[in-house]
Amino acid sequence: MRRPFALLAAALLTGALAVPASAADGDEKFTIKDPRITESSGLAASRQHPGIYWTHNDSDDGAYLYAVDSSTGETVATITMSGVGSPRDVEAISIGPDNEIYVGDIGDNLGGTWPYVWIYRLPEPKNLRDQTIKATQYVVKYSDGARDAESLVVHPKTGRVYIVDKNEKGGHLFEGPAELSPSGANVFRPIAAVPDLEATDATLSPAGEHLVVRSYFGAIAYDWNGGKIKKKERLGVPFLGQGESVTYTADGKKLMYGAEGADSPVEPQDAPGGGDSDSSSGSGSSATSESGGDALTGNLKTGAIAAGVLLVVVLGVRGMRRRG
């Protein structure tokens, strides 16, 4: 009778220790199925809700954000932003510290003629359901004149906002103020060149160590280097149509590329270098110590389960010895 019990215990122990990657990790290919989403122009992986990606339409849609479940491709929540007027050309979305969502109404289809553009900031909801959330609106100007842009990132540790402008001859990385102000204009200044790329989106790795900027047909990875970016390598991107979006997965190990169009696909590629050395700390576009705590909690839970199984084994063996 001892052998069957030992085999069962071993199986339980193996199952407890070998914790498989969850389908909710959100690093598999999926299709955005919501018929309202026909111009997905930005993508951001949620830290608070594993497997959820935030997206939005380009223009003529309204102040809406959509939470898409990557396991099904279905929209599980629609957020209506209040307090922002009528968005003009929403092109980018990123998640900063404390699960704050930043939305870039920074496009300029008139070729850089609008004197200012906007950024909206709102808390990511803890409960995914259709709801209205008040956002803070920030006026943005560039130190060297108006321009078109489709790429916005928020540093996961400092919360500082950066924009990459869109130019077929290459653009620049613009740095915003240390803190955005809801009163007056926030002036963004160029701090580094982003050559050889017509930028349609960008993403910072979870620990803020790497920047990826994509175009319609390619991408370039940079070491962040405190904003003084250094080119690391050129990346191939999957051809999905009009390539408009990219985000790191929550664990920083993959890049998720998206495109405009109805039933638009989102496809993963391995992140350059296998992600951040600190990738256990968090997200799609960002990370904080909160996510690191989640990872630690998960490890503690796994250890507790394993310890419990070992206790069952020991007690079971002792009981069999008494009976034998």
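The following paragraphs examine the structure supplied in this document.

What counts as what
Residues numbered from 1 in each chain as written. Predicted model: local features only at pLDDT ≥ 70, side-chain atom pairs only at ≥ 80, totals over all residues. Heavy atoms only, no water. Helix = DSSP H or I, 4+ residues; strand = E, 2+ residues; numbered from the N terminus. Buried < 20%, exposed > 50% of the residue type's maximum accessible area, 1.4 Å probe, protein only. Contact = heavy atoms within 4.5 Å. Areas by Shrake-Rupley, 256 points an atom, 1.4 Å probe, with all protein chains shown as cover. Polar contact = N/O pair within 3.5 Å; in protein donor to acceptor, adjacent residues only side chain to side chain. Phe/Tyr/Trp six-rings, centres within 6.5 Å; stacked < 30°, edge-to-face > 60°. Lys NZ or Arg CZ within 6 Å of the ring centre and 35° of its normal. Pairing = 2+ DSSP bridges. Axes fitted to C-alpha atoms, helices over the stretch in contact; angles between N-to-C directions. Core = buried A, V, L, I, M, F, W, Y, C linked by side-chain atoms within 4.5 Å.

Regarding the overall build of the chain
Then, in step 1: Each helix and strand counted, the chain has two helices and 21 strands in total.
Then, in step 2: Counting the 324 residues in the chain, one finds 51% classified as buried.
Then, in step 3: The contacts in the chain between residues at least 6 apart in sequence include a share of 55% that link residues at least 24 apart.
Then, in step 4: When the accessible area of the chain is evaluated, it comes to approximately 14600 Å², of which 52% is carbon and sulfur surface.

As for the environment of Asp201
Then, in step 1: With respect to the helices, strands and loops of the structure, Asp201 is situated in strand β15 (residues 201-204).
Then, in step 2: Taking the C-alpha atoms as reference, Asp201 lies 6.0 Å from Val213; in sequence the two are twelve residues apart.
Then, in step 3: Contact partners of Asp201, with chain neighbours within four places excluded, come to Gly42, Leu43, Ala92, Glu150, Ser151, Val212, Val213, Arg214, Glu244, Ser245 and Val246.
Then, in step 4: A polar side-chain atom of Asp201 sits 2.9 Å from the main-chain amide nitrogen of Val246.

Regarding the packing of aromatic side chains
Then, in step 1: Applying the stated criterion to the full structure yields five aromatic pairs.
Then, in step 2: Note on Tyr142 and Phe174: the rings are 5.1 Å apart at their centroids and 70° apart in plane angle, and the pair reads as edge-to-face. Pair noted here: Tyr142 is in strand β10 (residues 136-142) and Phe174 is in strand β13 (residues 170-175), with a separation of 32 residues, a long-range link.
Then, in step 3: For Phe174, a relative accessible area of 0% corresponds to the buried category.
Then, in step 4: The ring of Trp114 is capped by Arg88, whose NZ or CZ atom sits 4.1 Å from the centre of that ring.
Then, in step 5: Here the guanidinium or amino end of Arg88 rests over the ring plane of Trp118, the centre of that ring lying 4.5 Å away.

Here's the deal with the sheet that holds strand β18 (residues 230-235)
Then, in step 1: Here we have four strands laid out as an open sheet, ordered β15-β16-β17-β18, and antiparallel in their pairing. Only two strands of the sheet have a single partner each, and these edge strands are β15 and β18. Ignoring which end each strand starts from, the neighbouring axes of this sheet average 20° apart.
Then, in step 2: Bridge count between strand β16 (residues 210-214) and strand β17 (residues 219-223): five bridges; the pairing is antiparallel. In the sheet register, Leu211 faces β17, and the bridge partner there is Tyr222.

Structural notes on the sheet that holds β10
Then, in step 1: What the eight strands build is an open sheet, ordered β6-β7-β8-β10-β14-β13-β12-β11; its pairing is mixed. Each having just a single partner strand, β6 (92-95) and β11 (149-154) make up the two edges of the open sheet. Averaged over all neighbouring strand pairs, the angle between strand axes comes to 30°, with direction disregarded.
Then, in step 2: As defined by bridge partners, β10 adjoins strand β14 (residues 185-195) across four bridges and the pair is classed as parallel. Residue pairing across strands places Tyr142 opposite Phe188, the latter belonging to β14.

Structural notes on the side chain of Asp165
Then, in step 1: As for its position among the elements, Asp165 is in strand β12 (residues 161-165).
Then, in step 2: In this structure the side chain of Asp165 is engaged in a polar contact, spanning 2.6 Å, whose partner is the backbone nitrogen of His172.
Then, in step 3: In contact with Asp165, not counting residues within four places along its chain, are Arg147, Asp148, Ala149, Gly171, His172, Phe174 and Ala199.

A closer look at the environment of Asp130
Then, in step 1: With respect to the helices and strands, the residue Asp130 is situated in the loop between β8 (117-123) and β9 (131-134).
Then, in step 2: The class for Asp130 is exposed, based on a relative accessible area of 57%.
Then, in step 3: Sequence-wise, Asp130 and Leu65 are 65 residues apart; in three dimensions their C-alpha atoms are separated by 10.0 Å.
Then, in step 4: Residue contacts for Asp130: discarding those within four places in its chain leaves Ala77 and Thr78.
Then, in step 5: Among the polar contacts listed, one links the side chain of Asp130 to the backbone nitrogen of Thr78, at a separation of 2.8 Å.

What about the nonpolar core?
Then, in step 1: Ranked by size, the top nonpolar core spans 20 residues in total, and within it Trp54, Leu65, Met81, Ile101, Val103 and Leu122 carry the most contacts.
Then, in step 2: Where this core is concerned, the elements lending two or more residues are β3 (52-56), β4 (64-69), β5 (75-82), β6, β7 (100-105) and β8.
Then, in step 3: Ignoring anything within four residues of it in the chain, the contact list for Leu65 reads Trp54, Thr55, His56, Ala77, Thr78, Ile79, Met81, Ile93, Ile101, Val103 and Leu122.

Considering unusual backbone geometry
Then, in step 1: The backbone phi angle of Asn99 is positive, close to 55°, even though this residue is not glycine.
Then, in step 2: Among the secondary structure elements, Asn99 is positioned in the loop between β6 and β7.
Then, in step 3: Of the residues examined, Asn99 reaches a relative accessible area of 6% and is grouped as buried.
Then, in step 4: At Asn225, a residue that is not glycine, the phi angle is positive and equals roughly 55°.

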